[in-house]
Amino acid sequence: MKITLTLNRKRRTVDVSPLERLLDTLRGALGLTGTKEGCGEGECGACTVLLDGKPVNSCLVPTAQCSGAAITTIEGLAPRGKLHKLQRAFLECGGAQCGICTPGMILAASALPDRPTREQIRTGLAGNLCRCTGYEKIYDAVGVALGTKK
Amino acid sequence: MKSPVRQFELLRPRTLREALTMLHNESGLVPLAGGTDLLVLMNAGTLPRGTHRFLDLWGLDELRSIRRTLIGRRPQLVFGALTTFTDCISSRTVLRDLPILAQAAREVGGPQIQNRGTLGGNIGNASPAADSLPVLRAADTELVLSSVAGERRIPLADYFTGYRTSVRRSDELITAIEVLVPPGKQSFRKVGTRAAQAISKVVLAAIGKRIALGSVAPTVVRATSVERYLAAGGSEFETARELLTDDIHPIDDIRSTAAYRLRVAQNLLGQLPTFQR
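Residues numbered from 1 in each chain as written. Chains lettered and ligands numbered in written order. Predicted model: local features only at pLDDT ≥ 70, side-chain atom pairs only at ≥ 80, totals over all residues. Heavy atoms only, no water.

Asks: Please clarify how the environment of Thr72(A) should be interpreted in this entry.
Replies: Residue and element names in this part refer to chain A. Here Thr72 shows up in strand β5 (residues 70–72). A relative accessible area of 22% places Thr72 in the partly exposed class. Separated by 36 residues in the primary sequence, Thr72 and Ala108 place their C-alpha atoms 11 Å from one another. Not counting chain neighbours up to four residues away, the residues in contact with Thr72 comprise Asn8, Val49, Leu50, Leu77 and Leu107. (Helix = DSSP H or I, 4+ residues; strand = E, 2+ residues; numbered from the N terminus. Buried < 20%, exposed > 50% of the residue type's maximum accessible area, 1.4 Å probe, protein only. Contact = heavy atoms within 4.5 Å.)

Okay, here's the thing in structure tokens:
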């Protein structure tokens with residue numbers, strides 16, 4: 001079936017099979033491999049993208065349900081050729097090690113309100129697992145980017 | 001491991017009426033809302049045999065609402081079946097009249113799951129570990145089941161017939177959840193491996209002296225023996241703790257053991273305001 005959606009601010013039409021996962025459409029037909037597959041069962045958050053501004057696990061979303069919706073992936077977060085403030089802060093704070101959770105972490109963090117408390121950061125990223133950092137440097141990075149006090 | 005997705009079929013009604021007609025005319029259609037349960041099974045290749053046709057409910061905006069009315073002096077909240085956990089968390093009505101539902105919703109998965117998981121789906125999936133069910137069961141909840149023939153209302157207490165089974169016919173959809181909130185202090189506790197992204201080992205919700213538990217029986221249950229004891233004026237925790245063993249039937253499984261679940265359920269019971277003096 002043909003599905004038209006807005007991907008990173010551009011209208012795109014893709015031909016998908018009925019229950020194709022948004023994750024596979026993004027990485028396959030749409031050629032954006034920044035979105036990672038971790039567990040494939042909604043536990044790890046590595047495949048997080050924004051669907052109409054809200055973080056979702058793209059491994060659990062059928063592309064067919066995104067007809068008319070706006071999707072933001074890690075490729076669409078920053079203006080062309082620049083880093084988003086969250087990406088810059090992750091670099092500065094050492095908020096990434098192996099990197100597989102990073103796109104999902106950054107997209108989940110981008111849905112947080114301005115000047116979040118540490119608790120809001122922890123809750124906002126509760127659906128994203130990181131097996132390297134122990135989370136503290138990730139929370140630091142989000143705090144630096146969004147303007148919270150340590 | 002992914003299932004070959006091409007074997008699946010998705011019907012996409014534009015209205016509830018159209019959805020009900022499709023359910024009436026076609027057999028083997030599985031209602032699909034936010035996909036947080038069904039796509040996990042699909043990805044793992046563990047969907048029940050013969051499940052390959054789905055009815056997409058996500059676009060039926062008429063099933064997205066939270067309304068409040070008063071019945072006598074008690075508030076009644078009416079949730080459209082597609083109300084998400086995020087909707088529950090951000091609803092001022094829920095926060096005022098049934099704050100333990102918002103609390104339960106905050107402990108479902110993480111934000112990504114809360115943005116997609118729905119109340120109707122939590123009930124329809126019929127897992128005894130569903131986090132919202134003890135809250136709904138502690139209140140007076142009725143489900144509106146709709147079909148082309150019309151609507152019927154079933155008390156949540158009569159909806160489940162056993163482990164993951166219910167009285168819902170295959171031509172029916174859960175379209176609304178009507179929750180009459182009784183008076184009394186509300187409490188909710190979920191115990192899992194960690195705060196987020198964990199399926200519960202024991203869930204307990206209470207409103208006044210009405211106590212419901214999840215993950216400790218084939219379906220969500222009320223602690224009826226304990227409630228009878230409290231209603232008769234009993235207040236000794238030691239007695240209530242023993243009575244609870246009649247009300248719940250925990251098992252050993254991958255997430256916990258029967259003995260641990262019983263012990264934790266008793267501990268959660270002891271933390272209720274009724275026993276705090």
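Asks: Mind showing me how you'd approach the domain arrangement of chain A here?
Replies: One frequent convention defines the size of an interface as the accessible area lost when the parts assemble. Residue and element names in this part refer to chain A. In terms of domains, chain A is made up of domain 1 (2–77) and domain 2 (80–145). Taking only C-alpha atoms, the centre of domain 1 and the centre of domain 2 are 20 Å apart. Taken together, the contact pairs 17 residues of domain 1 with 14 residues of domain 2. In total, domain 1 and domain 2 occlude about 1,200 Å² of area from one another, counting both sides; carbon and sulfur atoms represent 68% of this. Counting across the interface, domain 1 meets domain 2 through zero salt bridges. Remark: the boundary between domain 1 and domain 2 carries three residue pairs in polar contact (both at pLDDT 80 or more). Among the secondary structure elements, those contributing two or more residues to the side of domain 1 that touches domain 2 are β3 (48–51) and α2 (74–77). With three residues, the top contributor of residues to the side of domain 1 that touches domain 2 is β3. Residue composition of the side of domain 1 that touches domain 2, grouped by class: seven nonpolar, six polar and four charged. (Domains from an automatic or database assignment. Buried area = accessible area lost by both parts, 1.4 Å probe. Salt bridge = Lys/Arg side-chain N within 4 Å of Asp/Glu carboxyl O. Polar contact = N/O pair within 3.5 Å; in protein donor to acceptor, adjacent residues only side chain to side chain. Nonpolar A, V, L, I, M, F, W, Y, C, P; charged D, E, K, R; others polar.)

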